[in-house]
Structures are given as structure tokens and as C-alpha cells.
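# Inside the fold
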Amino acid sequence: MFDWMAWTTPVAVFFCCIALMLVGMTVWEIKSPTATRRGFLPIATTRGDRLFIGLLAAAYLNLAFVGLAGRLAAWGGLAEEPSVWISFVLSMALLALILRKG
């Protein structure tokens, strides 16, 4: 069923984290409804809005890292491309920043 996708460990961990966040945010929203607030984002957002924006930002950061990994290796003089775990950690940090301060 999922043969069309390259299921590496980092990809599986990334999607599992997204699924867990969606379940956790749903439970949190049911237990404690949210109110809109303003952070550094240019619009007033709810927790769900910030999660959606953060997930989009995390996905684009991962895509950019994968697309630029070859150039980063050449530019940095590395023997091989940098690990995708780096982009995973960076994207989760970006997501946490948007959820907390956005």
C-alpha cells in the first residue's frame, strides 16, 4: 500500500510525531477550548492555527534541507550529505517556536 513512498526511519518518525501532535492537540482542545491571541505572526491565531502554520513551516524546512543537502555537502567540503536528522530537529524546533510564541 505504501510502496510508493521511501519510508526511512526519519520519515516515519516525522509522520508519527505529526500524528501524535494532532491527537494531542485534539484532546487538549476538547478539554480546554482556546482563544485567539497575537504573537509574532501577523494575524491573531488559535492553537490549531499555529499548529497548522507550524506544520507547514516544518514540512517546507525539511523539503528545503533535502533539496539543498548536496549543495551543503559541496559547500562545506563534507564527504557525504548531512543527515536528515538535522532537518528533523530544526523543523521540530521551528514548530515549537511557532506554537509557543506565534
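Keep in mind that this is a model prediction, so the values were computed, not measured.

So, about helix α2 (residues 47-76). Residues spaced three or four apart along an α-helix face the same direction, because each turn holds 3.6 residues. The first and last C-alpha atoms of α2 sit only 38 Å apart over 30 residues, clearly below the 44 Å expected at 1.5 Å per residue. Maximum bend of α2: about 50°, positioned at L68. Regarding α2, the residues found buried are R47, R50, L51, G54, L55, A58, N62, F65, A69 and A73. Contacts made by the buried residues of α2 are with α1 (9-31) and α3 (84-101). One or two residues past the end of α2 sits G77, with phi positive at roughly 70°.

So, about the side chain of T46. You can see T46 is positioned in the loop between α1 and α2. For T46, a relative accessible area of 18% gives the class buried. The residues contacting T46, other than those within four sequence positions of it, are T34, A35 and T36.

Rules used in this analysis
- Residues numbered from 1 in each chain as written.
- Predicted model: local features only at pLDDT ≥ 70, side-chain atom pairs only at ≥ 80, totals over all residues.
- Heavy atoms only, no water.
- Helix = DSSP H or I, 4+ residues; strand = E, 2+ residues; numbered from the N terminus.
- Expected span 1.5 Å × (residues − 1).
- Bend = angle between axes of the 7 residues up to and from the residue.
- Buried < 20%, exposed > 50% of the residue type's maximum accessible area, 1.4 Å probe, protein only.
- Contact = heavy atoms within 4.5 Å.

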